[in-house]
Each structure stands twice: as C-alpha cells, then as structure tokens.
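Overview (structure and organization)
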Amino acid sequence: MSTSVTITGTGCPIPDADRAGPGVLVRYDDLTLQFDAGRSTVQRLAGANVWVPDLGAVFITHHHSDHLTGLADVVLTHWVMDRADRPTQLPIVVPEGPASAFVSTLLDGWIDDIDVRQSHSGRQTRPEINMNSFAVPDAPTEVWRSGDVVVTAGQVRHEPCPSSVGYRVDTPDGSVAITGDTRVCDEVAALADGVDVLVYEAMRFAVFDELPEKRRFITDYHADTLLIGRQAAELGVPKLVLTHLIPAPSTPAERELFVGDIRSGGFEGEVVVADDLYTCVVGDGGLPDEASVDLAD
Ligand SMILES: [Zn+2]
Ligand SMILES: [Zn+2]
C-alpha cells in the first residue's frame, strides 16, 4: 500500500496556460480522492492516469468559482466514461451553505444533453448528484471514511466567502492536510497538527503591498508566504507543498521568491513550489521517492 498526493491544479482565477484550476488528488492503493475541481481538472486527472469513473469521492472546500468550474465536467465525464453503465455513485462531500446549494443544482443545465445521450446510447443509468453535506465544524471533524482512510474537515478563515473548509486525509501510511483557500490562522494549525505533508495555498503579499489600496482586497483572505513559513515551522511539518500560487511563478527566479519567503518565516523543512501534476509519497510506506533511491544506492 502507498499513499500519494498529486496537485491537479496549481492555478487560481487568473488563466495560466500551464496551471489548471485548484485541485489535489490523494491516492491510497486503489482509492482515489479529489479535492476541489477547478478548470481542466479532468484533463489533469487524465495526465495522472486516473480513470474518472474510478474516482472514490470529490471533496469541495468552498464556493468560489475557481474551485468549482470543473466539477460538472468531473460528474458528467464520470458517467460518459463508465463503460460498465453502473449507477453513478460518485459522492460529493461539501460543506453546507452556498457550495452545497451549487452542487445540488449542478446538473440542471445539462438535463437535455443527458436525455439525448441516454436515449441515443441506450444507457440504463443517468448521472446523479450523490451529495454528502456537513455543517462546518468548530473543530476538525471526520466527514468521510473508507476502510482505513479517514477524511477530516476543519473550518478555515476565507471570509467574506462563507462556509470554507480545509481537509485532512489520514491513511495507514501517513497524513496530508489541504488548506483550501484561507488566511494563515489557528484553524489551519489545528487541522494540520502532526501531518506529513501540508498542501498550502500561497500568496506573496509583498507583491501586493506595492499595488494601489483598492486592489489589495485580495490579501484579506489568502495566505501570506511569510506567515506560512512561520506557521509551518511552529507545526514542525516535514514537507510543505505550495499551490494556488499568486502571483504564478513562471521562472526559476520567481519560484525562488516563494521559497525565500518561506525560509524567512523560519521553516527549514522541505518546501515545494508545485507545478501541475507534482506528486509526492506520503509517509514512509509504499513507493520509494528519489531520496530513498539515493540512499539505497
Ligand atoms: Zn481560490
Ligand atoms: Zn477562494
């Protein structure tokens, strides 16, 4: 058994040819769990060799378009690609609020397309929303489980966007926390306590300090790289993976600015400025990573 994390999209609302919309894939043996579904998520899942009908569940962090625009694509592709014509049972786990309202009507605009495809192909099944909603918890709380794998949700601070959560996945190999969109806050620390990998949205506030004040609103609800470095050092996490990168780095030098901020915050562990499809192993179970291969040599 092994557990891995793949970043399916490192982008944000601003289009970038090389960065899909936000998303993280966690795999444990045959179980595949997708967290958020920004633009081009289905294409990135193909790039990660995931057969979409085999997805185990999709988890939504909050109701912002960059995290949701690929969700209908995931659900419809899950149905279209399902050669076994199984009843569509893809669970969508979502916090109660605007995100759950969005999910409940996700397919309403596709009814005619579904009708035509179903009658033309003779399929027995139709895509259906299998929604598992939960009240945003005050403290990290289990919201989903499959065998030895437990997914916990914890509120984060992304106001004024309401009902925003991050997730944590614990498997027999180890654990990973996914912040979703948030400021650096105590709630993230509670969710990420003791994890092996922390996937953090990252924004270089220093860039935005130079903008006119009316354009600085974006710093109200994102995570400053300096503060991320400070919190990751306090938590003592061994590995930090930065995603949802603002501004998106396109050169090694711009990438190093993110790393420099994290180091300035005091974090001395491994830090990765992720590209789409970046993948790492969680914990010490399963596949050898590059470091362990070097040691074996
Ligand atoms: Zn976002
Ligand atoms: Zn957001």
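Heads up: the structure comes first, above all this text.
Quick look at the structure, then. Only a predicted model underlies this, so the values are computations on that prediction, with no experimental measurement involved.

In this structure, His62 (NE2), His64 (ND1), His158 (NE2) and Asp181 (OD) serve as the protein donors to the zinc ion (ligand 2), at separations of 2.1 to 2.3 Å. The motif formed by the donor residues of the zinc ion (ligand 2), counted along the single chain, is H-x1-H-x93-H-x22-D. Separating the zinc ion (ligand 2) from the zinc ion (ligand 1) is a gap of 3.5 Å, bridged by aspartate 181, which donates to each. The two residues histidine 62 and histidine 64 agree in class, both being buried.

Moving on: the nonpolar core. Taken as a class, soluble globular proteins show a tendency for nonpolar side chains to be buried jointly. Val5, Leu33, Phe35, Phe59, Val176 and Val199 are the most contacted members of the largest nonpolar core, which has 28 residues in total. Apart from the residues within four sequence positions on either side, valine 176 is in contact with Val5, Val26, Tyr167, Arg168, Val169, Val195, Val197, Val199 and Val282.

Below, the discussion takes up the coordination of the zinc ion (ligand 1). Summarising the metal site, the zinc ion (ligand 1) is bound by the protein donors Asp66 (OD), His67 (NE2), Asp181 (OD) and His244 (NE2), whose distances to it range over 2.1 to 2.2 Å. Read N to C, the donor residues that coordinate the zinc ion (ligand 1) are spaced as D-H-x113-D-x62-H. Histidine 67 sits in the buried class, given a relative accessible area of 1%.

A pair of packed helices can be characterised by two numbers: the angle between their axes and the separation between those axes. One can describe the packing of helix α3 (residues 71–80) onto helix α5 (residues 111–121) by two numbers: an axis separation of 12 Å at closest approach and a directional angle of 10 degrees. Taken together, the axes of α3 and α5 lie roughly parallel to each other. Packed against α3, whose contacting residues are Leu76, Trp79 and Val80, the element α5 presents Ile114, Arg117 and Gln118 at the interface. When the residues that make up the contact of α3 with α5 are grouped by side-chain class, the tally is 4 nonpolar, 1 polar and 1 charged.

Reading guide: rules and limits
Residues numbered from 1 in each chain as written. Chains lettered and ligands numbered in written order. Predicted model: local features only at pLDDT ≥ 70, side-chain atom pairs only at ≥ 80, totals over all residues. Heavy atoms only, no water. Donors = N, O, S within 2.8 Å, 3.2 Å for Na, K, Ca; no water. Buried < 20%, exposed > 50% of the residue type's maximum accessible area, 1.4 Å probe, protein only. Core = buried A, V, L, I, M, F, W, Y, C linked by side-chain atoms within 4.5 Å. Contact = heavy atoms within 4.5 Å. Axes fitted to C-alpha atoms, helices over the stretch in contact; angles between N-to-C directions. Helix = DSSP H or I, 4+ residues; strand = E, 2+ residues; numbered from the N terminus. Parallel < 35°, antiparallel > 145°, perpendicular 65-115°, else oblique. Nonpolar A, V, L, I, M, F, W, Y, C, P; charged D, E, K, R; others polar.

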